[in-house]
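Here is how the chains run, residue by residue.
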Amino acid sequence: MHKLKLFVVLLLVIQTGFSQAKYKTISSQILGEDREVKILLPRGYSDQNEKAYPVIYVFDGDYLFEPVSGNVDYYAYWEDIPESIVVGINQVESRDQDLFYSEQNSLPIDTGADFFEFIGKELIPFIENNYKTEAFRVAVGHGETANLINYYLIRSNPVFNAYVAISPDLASDMSTYLSESLSKVQQKIFYYLAVSTDDVQHIMEDVKVLDGKLKAIDNNNLLYTFSEFQGPTHYAMPAHAIPKALESIFFVFQPISKKEYTNSILKLESSPVEYLVQKYQEINDMFGIKKQILINDFKAIAAAINKKEKWEYYQDLSKLARANYPDTVLPKYYLGMYYENIGEHKKAMKAYKSAYIFEEIGGVTKDLLLEKADEIKADFGY
């Protein structure tokens with residue numbers, strides 16, 4: 001199964017790399033030259049609606065764009081992450097100049113400072129002026145570019161909301177800069193850090209030091225994840241780290257999993273319906289996306305209500321279903337379950353029967369509701 005998943009991702013990488021990516025040339029006044037970027041738009045992207053998308057900026061786009069865009073397309077297809085715009089910054093002919101920094105203070109200088117400004121003052125405005133974007137931005141880097149993306153984080157107003165640092169080749173002062181900045185951030189920041197046991201020796205050592213510093217930070221605004229992979233080389237690391245990074249950053253966006261159901265929902269002392277509302281509000285707050293509550297998430301909450309026999313929450317779940325799926329049988333189904341379990345069987349029967357004019361959804365059929373109504377009628381003689 002794992003090999004099949006990797007094969008599917010590989011096919012998507014090939015498709016996105018050769019058929020969907022758009023190449024754009026940006027004339028930069030800061031750099032004094034043209035720069036090429038690759039852009040992958042989501043499958044459902046259209047100028048005819050108001051939907052907007054997070055943007056994932058991929059440094060080293062000449063080789064890192066395809067694995068990132070392939071994984072983004074794959075996970076978005078299954079609704080594990082939001083559909084996103086992916087922007088790859090090609091650096092094959094300018095990498096050394098783009099990454100130039102001072103040996104004295106580890107900060108960008110000369111051509112490195114120009115490239116830093118190009119991203120914030122020219123590239124990002126270009127993308128946001130020409131495409132339908134949300135305010136949520138992700139930066140992805142590998143090796144030296146994984147060091148570069150940190151410069152956007154240590155400034156007073158971080159440009160990106162999430163950072164994916166894969167096997168970063170850190171400047172000498174970077175771990176100190178990062179730990180100081182992340183301990184004070186006033187907004188939610190996702191930081192994903194990855195290294196391998198077979199990575200470059202000095203990278204392994206420096207990343208372990210950085211990991212220790214970041215784990216010691218007591219700041220609820222820092223959402224930090226560290227992965228240490230067993231075996232991949234430095235150049236194989238992106239293929240292993242990118243899927244984990246996407247899962248980590250967009251965890252709250254994912255449908256309720258068995259782990260979330262068991263470890264979080266079943267342990268609630270408060271309302272599981274309110275938990276569901278807050279989950280989707282958090283998606284809106286973090287990513288700027290008003291996501292409709294998934295049917296499977298409704299089912300997970302209903303299962304928890306059954307498991308804990310907290311029947312009063314079925315009434316709340318019915319109201320939430322009416323707000324999200326008003327033309328379906330779902331609101332009446334949950335209302336019927338509420339009445340049935342508190343002993344109001346005549347009201348339950350009426351609720352089930354009244355669903356007949358609505359649309360079926362998520363395996364909840366009109367026949368199922370009519371059967372439940374008939375069972376009540378047979379049992380109680382109504």
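Scroll up to find the structure.
Residues numbered from 1 in each chain as written. Predicted model: local features only at pLDDT ≥ 70, side-chain atom pairs only at ≥ 80, totals over all residues. Heavy atoms only, no water.

### A word on the packing of helix 11 (residues 295–308) against helix 12 (residues 312–324)
Phase 1 of the analysis: Taken N-terminus to C-terminus, the directions of helix 11 and helix 12 make an angle of 170°; their axes are 10 Å apart at the nearest point. Of the possible angle classes, the one that applies to helix 11 and helix 12 is roughly antiparallel. Along the contact surface, helix 11 presents Phe298, Ile301, Ala302, Ile305 and Asn306, while helix 12 presents Tyr313, Tyr314, Leu317, Leu320, Ala321 and Asn324.
Phase 2 of the analysis: Across the contact of helix 11 with helix 12, the residue classes break down as nine nonpolar, two polar and no charged. (Axes fitted to C-alpha atoms, helices over the stretch in contact; angles between N-to-C directions. Helix = DSSP H or I, 4+ residues; strand = E, 2+ residues; numbered from the N terminus. Parallel < 35°, antiparallel > 145°, perpendicular 65-115°, else oblique. Contact = heavy atoms within 4.5 Å. Nonpolar A, V, L, I, M, F, W, Y, C, P; charged D, E, K, R; others polar.)

### A word on the side chain of Asn161
Phase 1 of the analysis: The residue Asn161 is located in the loop between helix 5 (144–148) and strand 6 (162–166) in this model.
Phase 2 of the analysis: A distance of 2.7 Å separates a polar side-chain atom of Asn161 from the backbone nitrogen of Arg137.
Phase 3 of the analysis: Leave out the neighbours within four places in its chain, and Asn161 touches Ala135, Phe136, Arg137, Gln187, Lys188, Ile189 and Phe190. (Polar contact = N/O pair within 3.5 Å; in protein donor to acceptor, adjacent residues only side chain to side chain.)

### So, a negative patch on the surface
Phase 1 of the analysis: A grouping of Glu360, Asp367, Glu371, Asp374, Glu375 and Asp379 is seen on the molecular surface, where their side chains present a negatively charged patch.
Phase 2 of the analysis: Counting through the fold element by element, Asp379 comes out in helix 15 (residues 366–380). (Patch = residues over 30% accessible without salt bridge, like charges linked within 9 Å, V, L, I, M, F, W, Y side chains within 5 Å. Areas by Shrake-Rupley, 256 points an atom, 1.4 Å probe, with all protein chains shown as cover. Salt bridge = Lys/Arg side-chain N within 4 Å of Asp/Glu carboxyl O. Lys, Arg positive; Asp, Glu negative; His and termini not counted. Charge placed at Lys NZ, Arg CZ, Asp CG, Glu CD.)

### Let's talk about unusual backbone geometry
Phase 1 of the analysis: You will see that Asp60, though not glycine, has its phi angle at about 55°, which is positive.
Phase 2 of the analysis: With respect to the helices and strands, Asp60 occurs in the loop between strand 3 (53–58) and helix 2 (61–77).
Phase 3 of the analysis: The class for Asp60 is buried, based on a relative accessible area of 0%.
Phase 4 of the analysis: One non-glycine residue with positive phi stands out, namely Ser106, at about 70°.
Phase 5 of the analysis: Among the structural elements, Ser106 can be located in the loop between helix 3 (95–98) and helix 4 (111–130). (Buried < 20%, exposed > 50% of the residue type's maximum accessible area, 1.4 Å probe, protein only.)

### Focus on the packing of aromatic side chains
Phase 1 of the analysis: Tallying each qualifying case throughout the model produces 23 aromatic pairs.
Phase 2 of the analysis: Their ring planes at 85° and their centres at 6.0 Å tell us that Phe160 and Tyr163 sit as a pair that is edge-to-face.
Phase 3 of the analysis: Take Phe160: its relative accessible area is 0%, and that puts it in the buried class.
Phase 4 of the analysis: Considering the side-chain rings of Phe298 and Tyr325, the 6.0 Å spacing of their centres and the 70° angle between planes classify their relative orientation as edge-to-face. (Phe/Tyr/Trp six-rings, centres within 6.5 Å; stacked < 30°, edge-to-face > 60°.)

### Here we look at the pattern of salt bridges
One side chain can pair with another of opposite charge once the charged atoms of both are near each other.
Phase 1 of the analysis: Evaluated as defined, the whole model comprises 13 salt bridges.
Phase 2 of the analysis: For Arg95, the salt bridge goes to Glu144, with nearest N and O atoms at 2.6 Å. Of this pair, Arg95 sits in helix 3 while Glu144 is found in helix 5, placing the two residues 49 residues apart along the sequence.
Phase 3 of the analysis: You can call Arg95 partly exposed: its relative accessible area is 21%.
Phase 4 of the analysis: Residue classification places Glu144 among the partly exposed positions, given a relative accessible area of 36%.
Phase 5 of the analysis: Each of Glu33, Arg35 and Asp98 takes part in salt bridges that share partners, so that together they form one network.

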